[in-house]
Amino acid sequence: MKKYNLAIVGVTGMVGRKFLQVLEERQLPVENYYMFASARSAGKQLEFMGNTYTVEELTEANIINKKIDIALFSAGSGTSLEFAPKFAAHGAVVIDNSAAWRMDDSVPLVVPEVNPHDISWHHGIIANPNCSTIQAVVALKPLHDLYKIKRIVYSTYQAVSGAGMGGYNDLKNGINGEPPKKFPYPIAGNCIPHIDVFLPNGYTKEEMKMVNETRKILGDNSLKITATTVRVPVYYGHSESINVEFYNEFDLDELRDALSHAPGIVVMDDPANNIYPMPILVEDKDEVFVGRIRRDESVESGVNLWVVADNIRKGAATNTVQIAQELIKMWEK
């Protein structure tokens, strides 16, 4: 198998460091790794897979002669808008973790368990979806295939790590009574129904991301979707209550069986024995965990799901690396 040159942009951040962990676990066929970050992190030394790497400042001069094949980005929308086209122009395929390219019609928005085929029409940039959307669509895809989804109601309970180190530190320090620096209110002992900025329609940007990204990934603009997203005092792991209404009737046992056999899903659904997914059980795992599966008795054909996943792994780093693996598979064919 050919070996490839891989760059990591934003390597010193929370997701960038998780990239390194997932790459070490998955052992992609890589000849050379290149580590990039902002000027303030340039020069730092990183130990990775038995080697020491020096972090380089992200500049076009530093990428131009490296013959990079794949670049994993987790450095914010501004950086992605500026540098993703530059990497692409020099022959790399960028897999971007920010919101910059997700709703661009010329850029695939990919979850490998759901729509890997969309990778084939990239033009040098592939977008990684929002963390809360990723775990939702992994659970929804097999059900949409079987019963055709009519309407989705999302209610999320999202970990502070979704807001980066600032969010993580607000909870850690807030437990000791320190005032928040990242969030508008203390998060310790609290729930904040406010993720990202509020939009004119009264929804937050995070809520509308879930609506629009779900439609794009599932390839169905007719889906009726609403969302409420809430930050909760949990370090890692987003939890979601997902209410789904179908066009077609379903058998609950068949539905549960379909989920249990779908890629990337672990069904934890034994309420009689208090078995259901929780953030403390899914931390540092790649799968999406589904439980509390029960019929919605208020509509003709509806179901309630409780869906939990590690937002930094499956919701960011792992999904990005999985896209890289699918891309390499496509090239090898």
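Residues numbered from 1 in each chain as written. Predicted model: local features only at pLDDT ≥ 70, side-chain atom pairs only at ≥ 80, totals over all residues. Heavy atoms only, no water.

Asker: Looking at this structure, how should I read the sheet that holds strand 12 (residues 265–267)?
Answerer: Neighbouring strands of a sheet are bound in pairs by backbone hydrogen bonds; such pairs are parallel or else antiparallel. As summarised here, the arrangement of the six strands in space is 10-9-11-14-13-12, forming an open sheet in which the pairing is mixed. If you trace the sheet from one side to the other, it starts and ends with strand 10 (224–231) and strand 12, each paired once. In this sheet, adjacent strand axes meet at a mean angle of 20 degrees when their direction is disregarded. For strand 9 (residues 149–158) and strand 11 (residues 238–246), the ladder comprises eight bridges, and the chain directions are antiparallel. Residue pairing in the sheet places R151 in a bridge with E245 of strand 11. On the sheet, helix 6 (residues 205–218) packs against strand 9, strand 10 and strand 11 and is oriented at approximately 140 degrees with respect to strand 10. (Pairing = 2+ DSSP bridges. Helix = DSSP H or I, 4+ residues; strand = E, 2+ residues; numbered from the N terminus. Axes fitted to C-alpha atoms, helices over the stretch in contact; angles between N-to-C directions. Contact = heavy atoms within 4.5 Å.)

Asker: Teacher, can you tell me more about the packing of aromatic side chains here?
Answerer: Geometry of an aromatic ring pair is reported as the spacing of the ring centres plus the angle between the planes. Counted according to the given criterion, the structure contains twelve aromatic pairs. Both rings, one in Y168 and one in Y235, keep their centres 4.7 Å apart while their planes meet at 45 degrees; by these two values the pair is tilted. Residue Y168 is found in helix 5 (residues 164–174), and its partner Y235 is found in the loop between strand 10 and strand 11; the two are separated by 67 residues along the sequence. The exposure class of Y235 is partly exposed, given its relative accessible area of 28%. Considering the side-chain rings of Y168 and Y236, the 5.8 Å spacing of their centres and the 45 degrees angle between planes classify their relative orientation as tilted. In this pair, Y168 sits in helix 5 while Y236 sits in the loop between strand 10 and strand 11, placing the two residues 68 residues apart along the sequence. Joined through ring pairs, the aromatic side chains of Y33, F48 and Y53 make up one cluster. Its end group placed over the ring of F83, K86 keeps NZ or CZ at 4.8 Å from the ring centre. A cation over a ring is seen here: R295 above F250, with NZ or CZ 4.2 Å from the ring centre. (Phe/Tyr/Trp six-rings, centres within 6.5 Å; stacked < 30°, edge-to-face > 60°. Buried < 20%, exposed > 50% of the residue type's maximum accessible area, 1.4 Å probe, protein only. Lys NZ or Arg CZ within 6 Å of the ring centre and 35° of its normal.)

Asker: Explanation requested: the sheet that holds strand 5 (residues 56–57) in the structure shown.
Answerer: Pairing is parallel in the open sheet, where six strands are placed in the order 5-2-1-6-7-8. Sheet topology places strand 5 and strand 8 (125–127) at the edges, where each strand pairs with a single neighbour. Relative to strand 5, strand 2 (residues 30–37) runs parallel, the two sharing two bridges. What sits directly across from F36, in strand 5, is E56. Of the strands in this sheet, strand 1 (4–9), strand 2, strand 6 (70–73), strand 7 (93–96) and strand 8 touch helix 3 (residues 77–89), which is tilted by about 175 degrees from strand 6. Running at roughly 165 degrees to strand 6, helix 9 (residues 313–332) makes contact with strand 1, strand 6, strand 7 and strand 8 of the sheet.

Asker: How do you make sense of helix 1 (residues 14–26) when you look at a structure like this?
Answerer: Note: α-helices contain 3.6 residues per turn, so residues at a spacing of three or four share the same orientation. With 13 residues, helix 1 should cover 18 Å at 1.5 Å per step; its first-to-last C-alpha distance of 19 Å lies within 8% of that length. The set of residues buried in helix 1 consists of M14, V15, G16, K18, F19, L20, V22 and L23. Summarising the contacts, the buried residues of helix 1 are in contact with strand 1, strand 2, strand 3 (45–48), strand 6, helix 5 and helix 9. Where helix 1 terminates, the next one or two residues include Q27, which has phi positive at roughly 50 degrees. (Expected span 1.5 Å × (residues − 1).)

Asker: So what exactly am I meant to see when it comes to the environment of M35 here?
Answerer: By secondary structure assignment, the location of M35 is in strand 2. Taking the relative accessible area as the measure of exposure, M35 reaches 1% and is therefore buried.

Asker: Please clarify how the state of the cysteines should be interpreted in this entry.
Answerer: Each disulfide consists of a covalent bond between the sulfur atoms of two cysteine residues. All told, the structure shown has zero disulfides when counted by the stated rule. We note that C131 lacks a disulfide partner, and the nearest cysteine sulfur, in C191, lies 17 Å from it. For C191, a relative accessible area of 47% corresponds to the partly exposed category. (Disulfide = S-S within 2.5 Å.)

These results come straight from atomic positions and should not be treated as a statement about function.
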